[in-house]
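Coordinate analysis (summary)
Here is how the chains run, residue by residue.
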Amino acid sequence: MLEMLGAIIAPINSWLYYPILIILLLGIGIYFTVRSGFLQVRLLGEAFRVTGEKPMKEGDVSSFQTLMVTTASRVGTGNIVGVASAICLGGYGAVFWMWIVAIIGGSSAFIESTLAQIYKRKDENGGCYGGPAYYIETALKSRAIGIIFAISLILTYAIGFNMLAAFNLQTSFTVYSFYNPKVTPWIIGATLAVMTGYCLLGGGKRILKVTSILVPIMGAIYVAVSLVMVFMHISAMPAIFSRIFSDAFDFKAIFGGVAGSCMMYGIKRGLYSNEAGIGSAPNAAATALVSHPVKQGLVQMLSVFLDTLIICSATAFMCFSAGIEPSESLSGAPYVQAALSTLMGPLGNHFITFSLILFAFTTLLGNLYYVDDNLAYIYGKVPSKTFMLIYRLVASLIVFFGAAQKQALAWDIGDLLMGIMALINLPAIFLLGRTALNALKDYEKQRKAGKEPVFHAADIGMTEKLDFWQ
C-alpha cells in the first residue's frame, strides 16, 4: 500500500516542481525583487531596526516576538536533516540553489507577510489574526479558495511536515548500536507522540517553557560549532566554494536528470526549510500590532535569511569542512553526525541527536499552531472542544506513524503538500502584490521625511473595508 502511494506521489512531484513551481517560485520572486528595488539588500538594515522596536503598548505582540515564532517554526529538522539530504542526494551545488531560494524568496516572504498585516482581522480582545486565507477571501473575494488554502495548510503541517519532523528525528538514532530499524522508530515515534499530545491537551507548560529557552540557545551553539569546524579547515574553503558553484552550474548534469539534480533538491529543501512564499509565516505575521504593515514584511524577510543563509549554511559548511564525501547511504542526520564526529568524537552524534530532539519538538508544536488558526478560519470560530480533542489525538498519532516511514515516502508526502500550498499562495500574492508594493512606497516616503511610518489604507488608494488601518 505504502509502496503504491510512493509510486503515485513521486511522478506528481516531479511534474509539480518542474516546471510549474520552479517557474512560479523563481519567476515571482525575481519579479518582486525587481519591483521592490532589491529590498532584500536595500532594506536589510531597516529590517534589523524594525525587529528591535518595542510593542506599541504593553502586552501587544511585538515584531521581535513574531520573528521568534516564525524562526522557531522555520528552524527545525530541515536545517539539519533536510540540508544533509539535499547534499547527499543532489551534491554540493544543492547549497547554492538553497541560497537562491532564500535570497529571491525573501521578497515573496515580504509581500505575503505585508499582505497578511494589511488584511488582518480584529479579535474580541483587541488583538489581531490573519494569514493567506483571509487576504484571499477579502482581496480576491473568494472564500472558497481561502478554504482550499486553509485545508492544504492543515494537511501540510498536521500530516506532511509533522511526519517529516518525526522521521528526521529518528534518523539521528541510526548511528547507535541499540538501533533496530523494525523497533526503534516506533519507540521514538511513540515517545514523541505522547509528549506532543500531552502539550496539546493543556499539559506540559514547563516543557514548553524550557524548550522555548533552549531552542535559540541551541541554535546559537549549533552555528558556533559549525564556525569552529570552518576555521579549523579554513584552507579548504576556496575548494569548497569552487565545488559548490561548479556543481550548481553543471547544466548538462542538471537537465540530464532534473528530478534528481542539485537544483531540484536545493529548491525543495530550501523551500521546506525557510517556507518563503508558501503561506505559513503570514499566519504569525498577522498577529503583531505594529504601526505599519511593511514592518512585519521586513521582519519575515529577515527570518528567511536567518533560517537559510545562516543556519542551513552552518550545516552545509560543517559537513563540507569534515572532508567526508556525501553519499546516498549517509543521507540525512548520519551525514551531519559523521562530519561532527571528526571534531567531537562520539559526542558529535549526541550533539546532533539532542539538537534534533529540541528542533523537532518545537517544530511539531509550531506547525500545529498554524493548523489551529486555519481550522478556526474554516469554521468561522474556534471549533468545539470535542472536535479539538479528536483532532489533537489524531495529530499525535500522525507523529507516531511518521517516525517509522521510509525516507523517500516521508519526503515525497511533505513535498507534495507543501507544493500544493505554494501553488495557491504564490499566484495570490502575485495578483495582490501591487497593494504590498504601494505600502512599501508609503513606508519609505515617511522614513525619508524623518517620520516613524504610520499606515492608513486610504493613503495608498485602498477602498476595501478593513478591521485595521482606517
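My aim in this report is to walk through the structure given alongside it, one point at a time. (Residues numbered from 1 in each chain as written. Predicted model: local features only at pLDDT ≥ 70, side-chain atom pairs only at ≥ 80, totals over all residues. Heavy atoms only, no water.)

On to the overall build of the protein. Tallying secondary structure elements over the protein gives 19 helices and two strands in all. Computed over the C-alpha atoms, the radius of gyration of the protein is 21 Å, within 12% of the 23 Å expected from 2.2 N^0.38 for a compact globule of 470 residues. Dimensions of the protein, computed from the C-alpha atoms along their principal axes, are close to 65 × 55 × 40 Å. Across the 470 residues of the protein, 59% fall into the buried class. Taking as baseline every contact in the protein between residues at least 6 positions apart, the subset at least 24 positions apart corresponds to 83%. (Helix = DSSP H or I, 4+ residues; strand = E, 2+ residues; numbered from the N terminus. Rg over C-alpha atoms; globule rule 2.2 N^0.38 Å. Buried < 20%, exposed > 50% of the residue type's maximum accessible area, 1.4 Å probe, protein only. Contact = heavy atoms within 4.5 Å.)

The interhelical angle for the contact between helix α5 (residues 77-90) and helix α13 (residues 262-274), taken along N-to-C directions, is 175 degrees, at an axis separation of 9 Å. Considering their axes alone, α5 and α13 lie roughly antiparallel with respect to each other. Across the interface between the two elements, T77, G78, N79, G82, A86, L89 and G90 from α5 touch C262, Y265, R269, Y272 and S273 from α13. A per-class count over the contact of α5 with α13 returns five nonpolar, six polar and one charged. (Axes fitted to C-alpha atoms, helices over the stretch in contact; angles between N-to-C directions. Parallel < 35°, antiparallel > 145°, perpendicular 65-115°, else oblique. Nonpolar A, V, L, I, M, F, W, Y, C, P; charged D, E, K, R; others polar.)

Among the secondary structure elements, N162 is positioned in helix α8 (residues 143-171). At 2.8 Å, the side chain of N162 and the side chain of N367 are in polar contact. Residue contacts for N162: discarding those within four places in its chain leaves Y157, T363, L364, N367, L368 and V399. (Polar contact = N/O pair within 3.5 Å; in protein donor to acceptor, adjacent residues only side chain to side chain.)

The subject of this paragraph is the pattern of salt bridges. Opposite charge on two side chains allows them to pair when their charged atoms are near. This structure, assessed with the given rule, holds ten salt bridges. As a salt-bridge pair, E46 and R447 come within 3.2 Å of each other at their nearest N and O atoms. Of this pair, E46 sits in helix α3 (residues 44-51) while R447 sits in helix α19 (residues 407-448), and the two are 401 residues apart along the sequence. Looking at E46, the relative accessible area reads 13%, which means it is buried. Ionic pairing is found between D247 and R243, a salt bridge with its closest N-O pair at 4.0 Å. Of this pair, D247 and R243 are both found in helix α11 (residues 237-248), four residues apart, which corresponds to roughly one turn of the helix. For D247, a relative accessible area of 25% corresponds to the partly exposed category. Since its relative accessible area comes to 30%, R243 is described here as partly exposed. Within the structure, one salt-bridge network assembled from shared partners comprises E46, R49, K295, R447 and E452. (Salt bridge = Lys/Arg side-chain N within 4 Å of Asp/Glu carboxyl O.)

All we've got here are geometric facts, nothing functional implied.
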